Amino acid sequence: MRREMCFINMSKESQMRAAINQKLIEMGERERLKELLRAKLIECGWRDQLKALCKEVIKEKGIENVTVEDLVAGVTPKGRALVPDSVKKELLQRIRAFLAQHST
């Protein structure tokens with residue numbers, strides 16, 4: 001029974017995420033948020049840090065031996081961890097404000 005409730009909660013959560021994402025897309029807010037995120041990540045130096053990580057992975061494996069998949073797998077967890085909390089908080093605040101303004 002507990003496993004079923006967990007599945008139901010996860011299903012509801014994924015449905016909610018999908019609905020929010022759809023609303024963001026329909027209203028053009030998703031693109032605006034992506035542009036804001038891109039600008040903030042460049043501004044705080046995250047993009048340069050990620051480039052350095054990519055170069056490190058390529059240097060370790062050798063240019064002939066690294067694939068895009070290797071690069072993504074090696075860099076993604078570190079890249080996510082390097083996103084400043086202030087950027088995450090600002091994005092979350094913007095999403096919440098958008099949802100509050102456009103809730104039905």
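Parameters and conventions
Residues numbered from 1 in each chain as written. Predicted model: local features only at pLDDT ≥ 70, side-chain atom pairs only at ≥ 80, totals over all residues. Heavy atoms only, no water. UniProt positions renumbered as here; feature names shortened; annotations may be inferred. Helix = DSSP H or I, 4+ residues; strand = E, 2+ residues; numbered from the N terminus. Expected span 1.5 Å × (residues − 1). Buried < 20%, exposed > 50% of the residue type's maximum accessible area, 1.4 Å probe, protein only. Arc of directions from axis to C-beta. Axes fitted to C-alpha atoms, helices over the stretch in contact; angles between N-to-C directions. Parallel < 35°, antiparallel > 145°, perpendicular 65-115°, else oblique. Left-handed = near helix turned anticlockwise from the far one by under 90°. Contact = heavy atoms within 4.5 Å. Core = buried A, V, L, I, M, F, W, Y, C linked by side-chain atoms within 4.5 Å.

Within an unreviewed UniProt entry, the label attached to the protein reads Transcription and mRNA export factor ENY2, and the organism entered is Phoxinus phoxinus. If you open the UniProt record of the protein and go to Sequence similarities (unreviewed entry), you find "Belongs to the ENY2 family." Under the Subcellular location (unreviewed entry) heading, UniProt states for the protein: "Nucleus, Nucleoplasm".

As for helix 5 (residues 85–102)
The first and last C-alpha atoms of helix 5 sit 26 Å apart over 18 residues, in line with the 26 Å expected at 1.5 Å per residue. Within helix 5, burial applies to Val87, Leu91 and Phe98. Each buried residue of helix 5 lies within a common arc of 30 degrees when the element is viewed along its axis, so the set occupies one face. Exposed and facing more than 90 degrees away from the buried side of helix 5 are Asp85, Ser86, Lys89, Gln93, Arg96 and Ala100.

Description of the packing of helix 2 (residues 29–43) against helix 5
Remark: helix 2 packs on helix 5, axes separated minimally by 11 Å, with the N-to-C direction vectors making an angle of 165 degrees. When the axes of helix 2 and helix 5 are compared, the pair comes out roughly antiparallel. The way helix 2 lies across helix 5 gives a crossing that is right-handed. Counted together, Glu29, Leu33, Leu36, Leu37, Lys40 and Leu41 of helix 2 and Val87, Glu90, Leu91, Arg94, Ile95 and Phe98 of helix 5 form the full contact between these two elements.

Points about the nonpolar core
If you look at the biggest cluster of nonpolar residues, it comprises nine residues: Leu41, Trp46, Leu50, Leu53, Val57, Val66, Val75, Val83 and Val87. Element by element, the count of residues in this core is highest for helix 3 (residues 46–61), at four residues. Excluding anything up to four places from it in sequence, Val75 contacts Leu50, Leu53, Cys54 and Val57. Leu24, Leu33, Leu36 and Leu91 belong to the second largest nonpolar core, which has five residues in total.

Brief notes about the environment of Leu36
Tracing the sequence through the fold places Leu36 in helix 2. Under the relative-accessibility criterion, Leu36 is labelled buried at 18%. For the pair Leu36 and Leu91, spaced 55 residues apart in sequence, the C-alpha to C-alpha distance is 8.2 Å. Apart from the residues within four sequence positions on either side, Leu36 is in contact with Glu90, Leu91 and Arg94.

Observations regarding the environment of Thr76
Take Thr76: it is sitting in helix 4 (residues 68–82). Distance from Thr76 to Leu50, taken between C-alpha atoms, is 9.0 Å for residues 26 residues apart in sequence.

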